[in-house]
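A structural walkthrough
Single-letter residue listing:
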Amino acid sequence: MELTKAKLSDIPAMQKLVKPYIDEGLVLSRSDDEIANMIRSYTIARENGKIAGFAALYIYTPKLGEIRSLAVAKARQGKGIGGAITQKLIEEAKFLELEHILTLTYRASFFERLGFKIAPKEEVWHHKVWEDCIRCKHFPTCNETALILKI
Ligand SMILES: CC(C)(COP(=O)(O)OP(=O)(O)OC[C@H]1O[C@@H](n2cnc3c(N)ncnc32)[C@H](O)[C@@H]1OP(=O)(O)O)[C@@H](O)C(=O)NCCC(=O)NCCS
């Protein structure tokens, strides 16, 4: 497995991989244009040239980033791929000199294992809500857990 930045030609395969999780309401849908616009924020795990998973490090402010759109192909889960992608994005956040990374997720235990701590949702709400939450099918009754990693 290798971790690389995403290319524009990866977008169709990324959309195919994430589709079931969008349908389940686990990951927010993003258009091809939106992904293209932020392509440099995405890190991809490849196995034999095929995309096994990906996630994005999005920057809100010079101090605060977010790990979002994390998805690993169903058949490839439980093998450390999601953890490796997340670690890579944490390294990227350190390099960029971010101070905190937030995430909103139904898999709090996954992020806690990687050092994230559960935070009151109100702490992250205003950063996220008008950009993303407003487009989510669960809005405004969000059952996701907010977590923050202090870098
Ligand atoms: C959440 C998700 C990205 C995790 O990806 P993954 O590749 O399965 O993650 P990992 O394999 O690194 O870790 C998953 C579990 O497997 C375990 N694991 C990791 N490596 C392992 C290995 N080599 N052998 C056995 N178990 C292992 C971990 O302990 C972890 O348990 P935890 O979640 O209770 O902490 C994946 O389940 C997914 O795509 N879910 C659907 C979309 C989603 O919910 N995304 C999150 C939105 S923020």
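Described in the following lines is the structure provided in the data block. (Residues numbered from 1 in each chain as written. Predicted model: local features only at pLDDT ≥ 70, side-chain atom pairs only at ≥ 80, totals over all residues. Heavy atoms only, no water.)

**Thoughts on the site of the ligand**
The condition is simple: Nearness is defined per residue: one heavy atom within 4 Å of the molecule or strand is enough. Identification of polar contacts relies on pairs of N or O atoms within 3.5 Å, with a donor-acceptor requirement for protein atoms, meaning one able to donate a hydrogen and the other able to accept it, and with residues adjacent in sequence counted only if both atoms are side-chain atoms. Throughout, the ten residues Ala, Val, Leu, Ile, Met, Phe, Trp, Tyr, Cys and Pro are labelled nonpolar, Asp, Glu, Lys and Arg are labelled charged, and all others, Gly among them, are labelled polar.
Contacts to the ligand come from 19 residues, most closely from Gly 78, Gly 80, Gly 82, Arg 107 and Arg 113. Within the side chain of Arg 107, a nitrogen or oxygen atom sits 2.6 Å from an oxygen atom of the ligand. A per-class count over the shell around the ligand returns 9 nonpolar, 7 polar and 3 charged.

**What about the pairing of strand β5 (residues 100-105)?**
Side-chain direction in a regular strand flips from residue to residue, so the side chains alternate between the two faces of the sheet. Quick note on the threshold: The cut-offs for exposure are 20% and 50% of the maximum accessible area for each residue type, with area from a 1.4 Å probe on protein chains only; residues under the lower value are buried, those over the upper are exposed, and the others partly exposed. We count a stretch as a helix when DSSP gives it H or I for four or more residues in a row; a strand needs E for two or more, and each element gets its number in order from the N terminus. Think of it this way: DSSP has to see at least two bridges between two strands before they count as a pair. The definition of a right-handed crossover adopted here requires that, viewed with the strands pointing away, the path from the first strand over the helix to the second runs clockwise.
Extensive coverage of β5 is indicated by the burial of 5 of its 6 residues. Bridge count for strand β4 (residues 64-72) against β5 is 3 bridges, and the pairing is parallel. In the strand pairing of β5, Leu 64 is matched with His 100. A crossover connection joins β4 to the parallel β5 through helix α3 (residues 81-96); in handedness this β-α-β unit is right-handed. Pairing of β5 with strand β7 (residues 145-150) involves 6 bridges; the strand directions are antiparallel.

**Observations concerning the packing of aromatic side chains**
Let me state the cut-off plainly: Two rings belonging to Phe, Tyr or Trp (six-membered ring only in the last case) form a pair when the distance between their centres is within 6.5 Å. Interplanar angles under 30 degrees mark stacking, angles over 60 mark edge-to-face geometry, and anything in between is tilted. Consider the ring centre and the ring normal. A charge sits over the ring if Lys NZ or Arg CZ is within 6 Å of that centre and within 35 degrees of that normal.
One pass over the structure, following the stated rule, counts 4 aromatic pairs. Geometrically, the ring pair formed by Tyr 58 and Tyr 60 is edge-to-face, given 5.0 Å between the ring centres and 80° between the ring planes. Relative to Phe 111, the ring of Phe 110 has its centre 5.0 Å away and its plane inclined at 90°; by these criteria the two rings are edge-to-face. Residue Phe 110 is classed as buried on the basis of its relative accessible area of 13%. In this structure an aromatic cluster arises from ring pairing among Phe 110, Phe 111 and Phe 116. Here Arg 68 stacks its cationic end above the ring of Tyr 58, 3.7 Å away from the centre of that ring.

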